[in-house]
Amino acid sequence: PDPSDMPVREVLQAIEPMVAALPDDVLDAHRFRLFRTETVRSSDTAISLLQRLGVDDTTAAAFLRTDANAKQGLFARAGRTVHAETSNTNQLLKLTVRWSQDESPLFQRLVVEKTATGLRSRIELAPLASSSRLASATVRTTLFAATDDANIPDSVAIQLAEIFSNTIDFRRALRRGDRLSVVYETLEADGEPLRTGKVLSAEFASGGKTHEAIWFQEPGTKGSYYALNGNSMGRAFLSSPMEFSRVSSGFSMRMHPILQRWRAHLGTDFSAPTGTAVRTVGDGKVEFAGVPNGFGNVVFINHGNNQVTVYAHLSAIHVAVGQSVSQGQHIGAVGQTGWATGPHLHFEFRVNGVHQDPEDLALQSADAAPVSAASRTTFDKLASTMRMQLAAAPLVQQASAK
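Residues numbered from 1 in each chain as written. Predicted model: local features only at pLDDT ≥ 70, side-chain atom pairs only at ≥ 80, totals over all residues. Heavy atoms only, no water.

What about the packing of aromatic side chains?
To describe a pair of aromatic rings, you give the distance between the ring centres and the angle between the ring planes.
Argument step 1. Under the counting rule described, the total for this entry stands at 8 aromatic pairs.
Argument step 2. Geometrically, the ring pair formed by Phe 216 and Tyr 226 is edge-to-face, given 6.3 Å between the ring centres and 75° between the ring planes. Linking Phe 216 in strand β9 (residues 209-216) with Tyr 226 in strand β10 (residues 224-226), this pair joins segments that are 10 residues apart in sequence.
Argument step 3. On the accessibility criterion, Phe 216 (7% relative accessible area) is buried.
Argument step 4. Aromatic pair Phe 216 and Phe 379: ring centres 5.2 Å apart, planes at 85°, arrangement edge-to-face. With a gap of 163 residues between them, Phe 216 in strand β9 and Phe 379 in helix α8 (residues 376-401) connect regions that are remote in the sequence. Like Phe 216, the residue Phe 379 is buried in the burial classification.
Argument step 5. These aromatic residues form a ring-pair network of at least three members: Phe 216, Tyr 226 and Phe 379. (Phe/Tyr/Trp six-rings, centres within 6.5 Å; stacked < 30°, edge-to-face > 60°. Helix = DSSP H or I, 4+ residues; strand = E, 2+ residues; numbered from the N terminus. Buried < 20%, exposed > 50% of the residue type's maximum accessible area, 1.4 Å probe, protein only.)

Below, the structure written as structure tokens:
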């Protein structure tokens, strides 16, 4: 029926509120707790952090300023997430912070709690929980721009560049429209994600080809990445002496920044901040470590078969002559020693004393061994699961966007 034709009746009734009849001591018993979360900033003090958490408690501020556990957990590093529990009068009841050290399977938990005798603090150790996440992205400009758009952590993007560095030239071969899907590990503390772990599997469609990788650890090995058919993705030499970085000068002719004349640049320069870790691209033995000439601090590594790599302008050297090193081992740090106009690593690859393009040699180096026959059944089961997850990754991304 039409609402305007419906009968309307007004009812008036006096209501006496129950609360007004309650005594004050009963009203005081009705208390509640507030829960708030904030992120520690580099400029934070105890007072500024508590203010953002909505805590109005001078005793708590004084405690956080002087307590050793609180200083270690709260102000040792910016970016940590702080959880505060307060009373309805904004007094601090409990404060919790969780963090972990790189590569550690454990996390630390700072707990500041109000007790009958005042605030007390403790730092606890507990194991991180591992879970996996699926993601996908489309390249429009660069790899990092694509992963940023898809909210994929930088640490995962760096791993992807490392995994496919021997099959995809990320400087010259990446094209608009290339797609990637990835399954990666997330490490959590009490349900709170603290950091990402390793890439478990990945798929990269570039230049009309699809490249796939899966992490697999055979018994008695440290584990590595394989194609889904079981072939190893490892090479005798890495394509770069540093984790994914900007190449400022390639293997070519260039204007020398100090001599101010054109000359062959028989190596590759990697721009990076001073102190950035430098790694050896292959197994070998340290042939020289010191200051021979314009290279400044430099390390020469002999890989056998008349193959030598050079790492120059280092700010620090972490190896000694005669020491054996393994692929990926840190041997020094980026610097600006010798003839250098800015912090960078100058890297060379010499074969029989002749300079070679390191990227070409890395791509041509021999493959590592495939999955063994004894582990093949286990590997195939894992590969089958990863294929399904990688196929689902773009669908998860689309559903999230919708």
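Following the structure, the description resumes.
Observations regarding the environment of Ala 340
Argument step 1. Mapped onto the elements of the fold, Ala 340 is located in the loop between β20 (330-334) and β21 (344-351).
Argument step 2. Sequence separation of Ala 340 and Phe 295 is 45 residues, and the distance between their C-alpha atoms is 8.2 Å.

So, the pairing of strand β4 (residues 106-115)
Argument step 1. Two strands pair when backbone bridges link them, and strand β3 (residues 92-99) and β4 are joined in this way by 6 bridges, in the antiparallel orientation. Across the sheet, the residue bridging to Trp 99 is Gln 108, located in β4.
Argument step 2. What sits between the antiparallel neighbours β3 and β4 is a turn of 6 residues, in which Glu 103 has the positive phi angle 70°.
Argument step 3. Examined bridge by bridge, β4 and strand β5 (residues 118-127) share 10 bridges and lie antiparallel to one another. In the sheet register, Thr 115 faces β5, and the bridge partner there is Gly 118.
Argument step 4. Counting the residues between successive antiparallel strands, the hairpin from β4 to β5 contains 2 residues. (Pairing = 2+ DSSP bridges.)

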